[in-house]
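Given next are the chains, with one letter for each unit.
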Amino acid sequence: MEDRYSPRDTHANISIRSAPFFEGLPEAAVDKATAHVVMRSHPANQVILLENDWGSSVYFILNGWVKIRTYNLDGKEITLNILGKGELFGEMAPLDEVPRSTDVITLAQTVIGNMPAQDFVNLLHTEPQSGIRLAQLMARRLRQVNRRLRLRESDSTSRVADILLFLADGQGKKVSTGTEIPNLPHRELSSLSGLARETVTRVLSKLEKKGLIMRDRDTLTIPDPHALERLMI
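The rules we used
- Residues numbered from 1 in each chain as written.
- Predicted model: local features only at pLDDT ≥ 70, side-chain atom pairs only at ≥ 80, totals over all residues.
- Heavy atoms only, no water.
- Core = buried A, V, L, I, M, F, W, Y, C linked by side-chain atoms within 4.5 Å.
- Buried < 20%, exposed > 50% of the residue type's maximum accessible area, 1.4 Å probe, protein only.
- Helix = DSSP H or I, 4+ residues; strand = E, 2+ residues; numbered from the N terminus.
- Contact = heavy atoms within 4.5 Å.
- Salt bridge = Lys/Arg side-chain N within 4 Å of Asp/Glu carboxyl O.
- Pairing = 2+ DSSP bridges.
- Axes fitted to C-alpha atoms, helices over the stretch in contact; angles between N-to-C directions.
- Expected span 1.5 Å × (residues − 1).
- Arc of directions from axis to C-beta.
- Parallel < 35°, antiparallel > 145°, perpendicular 65-115°, else oblique.
- Nonpolar A, V, L, I, M, F, W, Y, C, P; charged D, E, K, R; others polar.
- UniProt positions renumbered as here; feature names shortened; annotations may be inferred.
- Phe/Tyr/Trp six-rings, centres within 6.5 Å; stacked < 30°, edge-to-face > 60°.

As recorded in an unreviewed UniProt entry, the protein chain goes by the name Crp/Fnr family transcriptional regulator, listed as coming from Stenomitos frigidus AS-A4.

**Student:** Mind showing me how you'd approach the nonpolar core here?
**Tutor:** The nonpolar side chains of a soluble globular protein tend to be buried, and buried together. Val 160, Leu 164, Leu 167, Leu 204, Leu 207 and Leu 228 are the most contacted members of the largest nonpolar core, which has 27 residues in total. At the level of elements, helix 6 (156-171), helix 7 (186-193), helix 8 (197-209), strand 13 (219-222) and helix 9 (225-230) are the ones that each hand at least two residues to this core. Ranked by the residues each element gives to this core, the list is headed by helix 6, at eight residues. Every residue in contact with Leu 204, bar those within four places of it in the chain, is listed here: Val 160, Leu 164, His 186, Leu 189, Ile 213, Arg 215 and Leu 220. If you look at the next biggest cluster of nonpolar residues, it comprises 20 residues, including Phe 21, Leu 123, Leu 134 and Leu 137.

**Student:** I tried to follow the pattern of salt bridges on my own but got confused; where do I start?
**Tutor:** Note on pairing: side chains with opposite charge can pair once their charged atoms come close. Taken as a whole and assessed by the stated rule, the structure comprises 12 salt bridges. Glu 188 is paired through a salt bridge with Lys 67; the nearest N and O atoms lie 3.0 Å apart. With a gap of 121 residues between them, Glu 188 in helix 7 and Lys 67 in strand 5 (residues 65-71) connect regions that are remote in the sequence. Several salt bridges converge on common partners, so that one network encompasses Lys 67, Arg 69, Glu 77, Asp 103, Arg 187 and Glu 188.

**Student:** Quick question: what am I supposed to make of the sheet that holds strand 6 (residues 77-84) here?
**Tutor:** Sheet strands associate in pairs through backbone hydrogen bonding, adopting either a parallel or an antiparallel arrangement. Spatially, the four strands line up as an open sheet ordered 3-8-5-6, and their pairing is antiparallel. Both edges of this open sheet fall to strand 3 (47-49) and strand 6, since each of them pairs with a single strand only. The sheet shows a mean angle of 30° between the axes of neighbouring strands, direction not considered. As defined by bridge partners, strand 3 adjoins strand 8 (residues 103-106) across two bridges and the pair is classed as antiparallel. Residue Val 47 lies in a different strand from strand 8, and its bridge partner there is Ile 105. Helix 7 contacts strand 5 and strand 6 of the sheet and is inclined by roughly 110° relative to strand 6.

**Student:** Got a minute to help me understand helix 8 in this structure?
**Tutor:** Think of an α-helix as turning once every 3.6 residues; residues three or four places apart then point the same way. Compared with the 18 Å implied by 1.5 Å per residue over 13 residues, the 19 Å span of helix 8 between its first and last C-alpha is a close match. Of all the positions in helix 8, only Thr 199, Val 200, Val 203, Leu 204 and Leu 207 are classed as buried. For helix 8, the angular spread of buried residues about the axis comes to 130°, placing them on one side. Opposite the buried face of helix 8, at more than 90 degrees from it, the exposed residues are Glu 198, Arg 202 and Lys 209. Among the structural elements, helix 6, helix 7, strand 12 (214-215), strand 13 and helix 9 are those in contact with the buried residues of helix 8. With its phi angle positive at about 80°, Gly 211 sits one or two positions after the end of helix 8.

**Student:** Explanation requested: the packing of helix 4 (residues 117-126) against helix 5 (residues 128-150) in the structure shown.
**Tutor:** Two measures define how a pair of helices packs: the angle their axes make with one another and the distance between the axes. Where helix 4 meets helix 5, the axes come as close as 5 Å, and the angle between the chain directions of the two elements is 110°. When the axis of helix 4 is compared with that of helix 5, the two are roughly perpendicular. In contact with Phe 120, Leu 123, Leu 124 and Thr 126 of helix 4, helix 5 contributes Pro 128, Ser 130, Gly 131 and Leu 134. Considering only residue class, the contact of helix 4 with helix 5 consists of five nonpolar, three polar and no charged.

**Student:** Hey, could you run me through the UniProt feature "domain: Cyclic nucleotide-binding" (unreviewed entry) in the protein chain in this one?
**Tutor:** The UniProt record marks residues 21-141 with the feature "domain: Cyclic nucleotide-binding" (unreviewed entry), using the residue numbering of this structure. The span residues 21-141 shows a helical share of 30% and a strand share of 36%, and its end C-alpha atoms are spaced 15 Å apart.

**Student:** Would you mind going over the packing of aromatic side chains with me for this structure?
**Tutor:** Aromatic ring pairs: the centre-centre distance and the angle between the two ring planes describe each pair. Counted under the stated rule, the structure contains five aromatic pairs. Members of the aromatic cluster, connected to one another through ring pairs, are Phe 21, Phe 22, Phe 60 and Phe 120.

**Student:** Help me understand the packing of helix 7 against helix 8, please; the structure alone is not making it clear to me.
**Tutor:** Where helix 7 contacts helix 8, the axes come no closer than 8 Å and their chain directions differ by 105°. On the basis of their axis angle, the class for helix 7 and helix 8 is roughly perpendicular. Touching His 186, Arg 187, Leu 189, Ser 190 and Ser 193 of helix 7 are Arg 197, Val 200, Thr 201 and Leu 204, all from helix 8. Taken together, the residues that form the contact of helix 7 with helix 8 break down as three nonpolar, four polar and two charged.

Take a look at the structure:
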């Protein structure tokens, strides 16, 4: 069951305004854009968007994680991306005025701010910096995809290391012991890397024995991302 918060809720308003997308934008413009945002708390494994839905909202992740998925011609699920706190999704459908192209599902308890699509489009039209921010987001995601495609024919260790660095680049949190990312189920890493789940499990165990990663129930820590990256050379 999801919890819903009014945009007038003080805590909710502070949360949506703290999203990186709004940093540096005029306060009046942010106030206007977020005036009709509705905050919802979703449990794990809840579908937020379905492919071919029409785009009536843009979504800001304020806490938690979601996966972006699609299916290949054989009906096999493919995870395209993992997004976490500070990211947004659903921004393309309102701009293209076409249905959604992927599904979005929560991986954990997740708080999301739903902004009416027209408010988002109006912000882009009136504040050039918001358009630049969106272009930077798209460029970063494209670079990540290009990197993953280049490594598609690499060995299994390189491909798993790349996925971990990909997650660290997008959602890593600096802690005293290194860079922390969510300890995702092996099936999600398998889908992201295109490797069998058993192969992913084997590679992760090897990386852990070498001290290149540390795992607990909820998080995976990369002590030295540069050392992990050297495996891919």
